[in-house]
Each structure stands twice: as C-alpha cells, then as structure tokens.
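Remarks on the overall topology
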Amino acid sequence: FLDGAAPGEADRKAFIDLIGKDNINLWRWVKHLVSYTAEERAALPTLQKDGKPEARSIVILDINPWDAATDLGAMERAIRNTEINGL
C-alpha cells in the first residue's frame, strides 16, 4: 500500500489512474475481494516455498482418434507421457 498497512485514498486514486473508472468487471472483482474477512483471506490457497500452488485442479482432456485405424495404445502412451509444467 502506498500510505501504510491498509489501502487508503492514495491507493484508490493510483488504482483509478492505472485502471480507469469504466472497467465495471474489475471493480466488481475488487469489491468482492474486499468483502472477505481476514480469516477468509487467510484461508485462500497460497504458493508454497517451491512456487507451486497448494491446491491442485483436475484437468480432463477429451481426446479422439483421427479414424478407426489409429493405434489407441500408442495414443494413450503418448498422452500419459506428456508433462505440462504446473499440472
């Protein structure tokens, strides 16, 4: 924060100068985050020391073969061997 441990008028002015008043979706998001209590903010997932998020998501990929002659076993091996950073 610009003037202390909590957001103040200088922070609000700097934010408006940076983002503008017309971005209604951003303002709704900010208003929503400000509505959280300190306990709720503390419960939000944070990054661990190694930079990886604590919480993980499940990613489901719908993969279809090109045609009936596609080797499904080879396709499965190729898919399972794929590594995506962060997942």
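Rules and cut-offs
- Residues numbered from 1 in each chain as written.
- Predicted model: local features only at pLDDT ≥ 70, side-chain atom pairs only at ≥ 80, totals over all residues.
- Heavy atoms only, no water.
- Helix = DSSP H or I, 4+ residues; strand = E, 2+ residues; numbered from the N terminus.
- Buried < 20%, exposed > 50% of the residue type's maximum accessible area, 1.4 Å probe, protein only.
- Areas by Shrake-Rupley, 256 points an atom, 1.4 Å probe, with all protein chains shown as cover.
- Salt bridge = Lys/Arg side-chain N within 4 Å of Asp/Glu carboxyl O.
- Axes fitted to C-alpha atoms, helices over the stretch in contact; angles between N-to-C directions.
- Parallel < 35°, antiparallel > 145°, perpendicular 65-115°, else oblique.
- Left-handed = near helix turned anticlockwise from the far one by under 90°.
- Contact = heavy atoms within 4.5 Å.
- Nonpolar A, V, L, I, M, F, W, Y, C, P; charged D, E, K, R; others polar.

Broken down by element type, the protein chain carries 4 helices and 0 strands. Listing each helix as α and each strand as β along the protein chain from the N terminus yields α-α-α-α. Out of the 87 residues belonging to the protein chain, those deemed buried represent 5%. Accessible surface computed for the protein chain: about 8,300 Å², of which carbon and sulfur atoms make up 58%.

In this section: the pattern of salt bridges. Tallied over the entire structure, the rule returns 2 salt bridges. The partner of Arg12 in a salt bridge is Glu9, and the shortest N-O contact between them spans 2.6 Å. With a gap of 3 residues between them, Arg12 and Glu9 both fall in helix α1 (residues 9–19), about one helical turn apart. By relative accessible area, Arg12 is classed as partly exposed at 44%. Given the relative accessible area of 52%, Glu9 is considered exposed.

Each pair of packed helices can be summarised by the angle the axes make with each other and by the distance between the axes. It is at 12 Å that the axes of α1 and helix α2 (residues 24–34) come closest, and there the two elements cross at 150 degrees. In terms of axis orientation, α1 runs roughly antiparallel to α2. The hand of the α1/α2 crossing is right-handed. On the side of α1, the interface is formed by Phe15, Ile16 and Ile19, while α2 contributes Leu26, Trp27 and Val30. Per-class residue counts for the contact of α1 with α2 are 6 nonpolar, no polar and no charged.

Looking at the element boundaries, Phe1 is found in the segment before α1. For the pair formed by Phe1 and Asp11, sequence separation is 10 residues and the distance between their alpha carbons is 6.5 Å. Not counting residues up to four positions away in its chain, the partners in contact with Phe1 are Ala6, Pro7 and Asp11.

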